[in-house]
There are 2 protein chains.
Amino acid sequence: MATVRDVAERAGVSIATVSFVLNGTKPVTPATRERVETAMTELGYHRNVLARALASRRTRIIALVHPRLDHRFGSVTSEFITSASRAARARGYHLVLWPVDTDGDELGELVSQGLVDGVVLMEVLLDDARVETLAGSGTPFALIGRTADPAGLIHVDIDFDQSMADALDHLQELGHREIALITARQPLPEYGPKVRSEAAYHRLCSERGLRPVLIDCEPTVPAGRSIQLPDATTAVILMNELAGFGLLSELARAGVDVPAELSILSFGSPELAQIASPPLTIMRAPGATLGGLGVDALIDHLENPELTPPPRLHPCVLEPGGSTARR
Amino acid sequence: MATVRDVAERAGVSIATVSFVLNGTKPVTPATRERVETAMTELGYHRNVLARALASRRTRIIALVHPRLDHRFGSVTSEFITSASRAARARGYHLVLWPVDTDGDELGELVSQGLVDGVVLMEVLLDDARVETLAGSGTPFALIGRTADPAGLIHVDIDFDQSMADALDHLQELGHREIALITARQPLPEYGPKVRSEAAYHRLCSERGLRPVLIDCEPTVPAGRSIQLPDATTAVILMNELAGFGLLSELARAGVDVPAELSILSFGSPELAQIASPPLTIMRAPGATLGGLGVDALIDHLENPELTPPPRLHPCVLEPGGSTARR
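Residues numbered from 1 in each chain as written. Chains lettered and ligands numbered in written order. Predicted model: local features only at pLDDT ≥ 70, side-chain atom pairs only at ≥ 80, totals over all residues. Heavy atoms only, no water.

### Here's the deal with the overall build of chain A
When helices and strands are counted, chain A shows 13 helices and twelve strands. What you see for chain A is a C-alpha radius of gyration of 26 Å, clearly larger than the 20 Å of a compact globule of 327 residues, by over 25%. Its C-alpha atoms give chain A principal-axis dimensions of roughly 85 × 45 × 30 Å. Counting the 327 residues in chain A, one finds 55% classified as buried. Here chain A has roughly 13,800 Å² of accessible surface; of this, 52% comes from carbon and sulfur atoms. Across chain A, the 30 positively charged side chains and the 41 negatively charged ones have centroids separated by 6 Å. (Helix = DSSP H or I, 4+ residues; strand = E, 2+ residues; numbered from the N terminus. Rg over C-alpha atoms; globule rule 2.2 N^0.38 Å. Buried < 20%, exposed > 50% of the residue type's maximum accessible area, 1.4 Å probe, protein only. Areas by Shrake-Rupley, 256 points an atom, 1.4 Å probe, with all protein chains shown as cover. Lys, Arg positive; Asp, Glu negative; His and termini not counted. Charge placed at Lys NZ, Arg CZ, Asp CG, Glu CD.)

### Digging into helix 7 (residues 129-137) of chain B
All names here are of chain B. Arg130, Val131, Thr133 and Leu134 are the residues of helix 7 that are buried. Within helix 7, the buried residues cover an arc of 160° as seen down the axis, which keeps them to one side. Looking at helix 7, the residues exposed on the side facing more than 90 degrees away from the buried face are Glu132 and Ala135. Of the surrounding secondary structure, the elements contacted by the buried residues of helix 7 are strand 1 (61-66), helix 6 (105-111), strand 3 (118-121) and strand 4 (141-144). A positive phi of about 80° marks Gly138, the residue just after helix 7. (Arc of directions from axis to C-beta. Contact = heavy atoms within 4.5 Å.)

### Looking at unusual backbone geometry
With an omega of 0°, the peptide bond between Ser277 of chain A and Pro278 of chain A qualifies as cis. Mapped onto the fold, Pro278 of chain A is located in the loop between helix 12 (270-275) and strand 10 (281-284). You will see that Arg60 of chain A, though not glycine, has its phi angle at about 55°, which is positive. Summarising the element assignment, Arg60 of chain A is placed in the loop between helix 4 (49-56) and strand 1 (61-66). Positive phi, normally seen in glycine, also occurs at Glu123 of chain B, with a value near 55°.

### Overview of the sheet that holds strand 10 (residues 281-284) of chain B
Each strand in a sheet pairs with another by means of backbone hydrogen bonds, the pair being arranged parallel or else antiparallel. All names here are of chain B. Across the sheet, six strands lie side by side as 7-6-8-9-10-12; this open sheet has mixed pairing. Of all strands in the sheet, those bounded by a partner on one side alone are strand 7 (213-217) and strand 12 (317-319). On average, each strand axis in the sheet is tilted by 20° relative to the strand beside it, whichever way the strands run. Of the strand pairs in this sheet, strand 6 (residues 179-184) and strand 7 are connected by five bridges, and their pairing is parallel. In the strand pairing of strand 7, Ile182 is matched with Ile215. Strand contacts of helix 9 (residues 192-208): strand 6, strand 7 and strand 8 (235-239), with the helix running at about 170° to strand 6, the strand carrying the most contacts. (Pairing = 2+ DSSP bridges. Axes fitted to C-alpha atoms, helices over the stretch in contact; angles between N-to-C directions.)

### Structural notes on the pairing of strand 8 of chain B
Residue and element names in this part refer to chain B. The buried fraction of strand 8 amounts to five of the five residues, a majority that puts the element mostly inside the structure. Both faces of strand 8 are covered, namely the face carrying Ala235, Ile237 and Met239 and the face carrying Val236 and Leu238. Pairing analysis gives five bridges linking strand 6 to strand 8, with the strands arranged parallel. Each residue of the ladder has a partner; that of Ala180, found in strand 8, is Val236. The pairing of strand 8 with strand 9 (residues 263-267) spans four bridges and is classified as parallel. Within strand 9, the residue paired with Leu238 across the bridge is Ser266. At this point the chain moves from strand 8, through helix 11 (residues 241-253), to the parallel strand 9, and the crossover so formed is right-handed. (Right-handed = clockwise from strand over helix to strand, strands pointing away.)

### A look at the side chain of Thr147 of chain B
With respect to the helices and strands, the residue Thr147 of chain B is situated in the loop between strand 4 and strand 5 (154-158). Excluding anything up to four places from it in sequence, Thr147 of chain B contacts Val124, Leu125, Leu126, Asp128, Val131, Leu153 and Arg196 of chain B.

### What about the domain arrangement of chain A?
As assigned here, chain A comprises domain 1 (4-47), domain 2 (58-158 + 287-315) and domain 3 (160-285). Here the C-alpha centroids of domain 1 of chain A and domain 2 of chain A sit 38 Å apart. (Domains from an automatic or database assignment.)

### Notes on the sheet that holds strand 7 (residues 213-217) of chain A
Residue and element names in this part refer to chain A. What the six strands build is an open sheet, ordered 7-6-8-9-10-12; its pairing is mixed. Two strands bound the open sheet, and with one partner strand each, they are strand 7 and strand 12 (317-319). Mean inter-strand twist for the sheet, computed between neighbouring axes without regard to direction, equals 20°. Strands strand 6 (179-184), strand 7 and strand 8 (235-239) of the sheet are contacted by helix 9 (residues 192-208), whose axis makes an angle of about 170° with strand 6.

### Section: the packing of aromatic side chains
Counted under the stated rule, the structure contains zero aromatic pairs over all chains. Over the ring of Tyr93 of chain B we find Arg60 of chain B; its NZ or CZ atom is 4.3 Å from the centre of that ring. (Phe/Tyr/Trp six-rings, centres within 6.5 Å; stacked < 30°, edge-to-face > 60°. Lys NZ or Arg CZ within 6 Å of the ring centre and 35° of its normal.)

The following block contains the structure:
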């Protein structure tokens, strides 16, 4: 089989020049490029990942499986996708995107084709048919998110307990004691982030002697306008960005000053936080971190199958804005 | 080479059952799955896309090349990616994501590896090094967007001329004659959507006897707060979503009623439009349409290399909101 050295000799150029042509790392003149390409053709030189993949039974392709994305706020999703894609590239893998339904059928068909070395699954449900499909397929996989019982599964996720504790800490340090939680009603019955956050809120309120007020409304601006807060409430933890904008506009209309009369701490995206008035203090999801960690955990396992990387949980990060203040 | 029929006979099950195991399309009992898998192993049956790809010299993988996505509003990008991914799947291809720098070097290295049948390039610059790289590589490619002179290149794009004409039509039909255009300053000197939209605005104003007022500011909320509109202006076409939110909050502070005193028509996303107060009338980018069309054009060409699909230009679509009104 022809080598790069053979190609260089035949074309009468240096090995470095062949490499430039192959990798596009430096410009070469059209004439040189043609000489190198002719030599490669004559010698039957191929630098083909497929042939290597077939020989090694590894494709160095991993799939990022996510639900259909339309009509969602994209910034956190984009962060996940970009960071996953970058982490894969950094380790010599390619990331394929598979937007598939959550029932597992389509996913089962895809993994059976032998294209990918492994799968990273996003937006994991507490009871997730896709996890069953993957476990049954023998394809290595990692979760960004968690099922109800993720023991033994490779996964990374937001640390909802720590995030909620940090959110309450921030508000309590500002003197708040009457802190309501507003979450989003979900079409899916068992959505981990909601279930885990609400459980953490109730547990922490109980531990800290706070009165829990949980309001669960549709994730729409009009639903937010209709939110009725108890009179005693001085601070809100928001896990429903769209309703938050409705709430803010209704508070402005009613002459309630944010943050002087009501503090709002939102689990949300920096992009939306900055366009709110006032700009929101947020707990920012570690999307970029988790996308990369999920891919890294999977590749660690692919490259050392005896290894099951331990779960990695990362809390959301407080980013101060103008919507929280001392009571 | 063993067939599905051979596997079914050896396992003592129907061909359909083997197919369920292979494709995961229906649940089978663990015992049946094991019988089928044992038969496949014993017969050396593989349903492997790589072997097929190597035999055909086609991988049925196409790459979607986009710049790094962090810190951007993701919804239109997500629409592009999802629709491209879905269109590829519908035609039996896999979409790989390549977030690479715009200089073309990294892209040249990737295409030289022989992994993909073709490339779809997003966020095309008027003078784009990646297009040179792709043209030099011999890899088939399609653009979502356009270089300054896209003749001969497979491309789909927003029809900026038609979109601007439709935007002016909407405002002129409401009686407006003093219509300013607010665009976003770009770090990249030659960004097609901005250059083409500004040119269309100037041409159309000239043709229609309107006075052009072009304001170009940073894409930030504070920059929007500082926008000074001429007193005569009764309507604004906004191509700078973030500045738009700054402008809206400043107008609210100054007691200017939108849309009674000033109409705002925004080239923007429906997600941000609905959280503005009032909800914005928008010209919505046909992201989902273009992602799919770009992939389809590339695959049309891959499957019939003599064919260069004609350019497809689609205008943005007016979605009425509460920010434009009769003068």
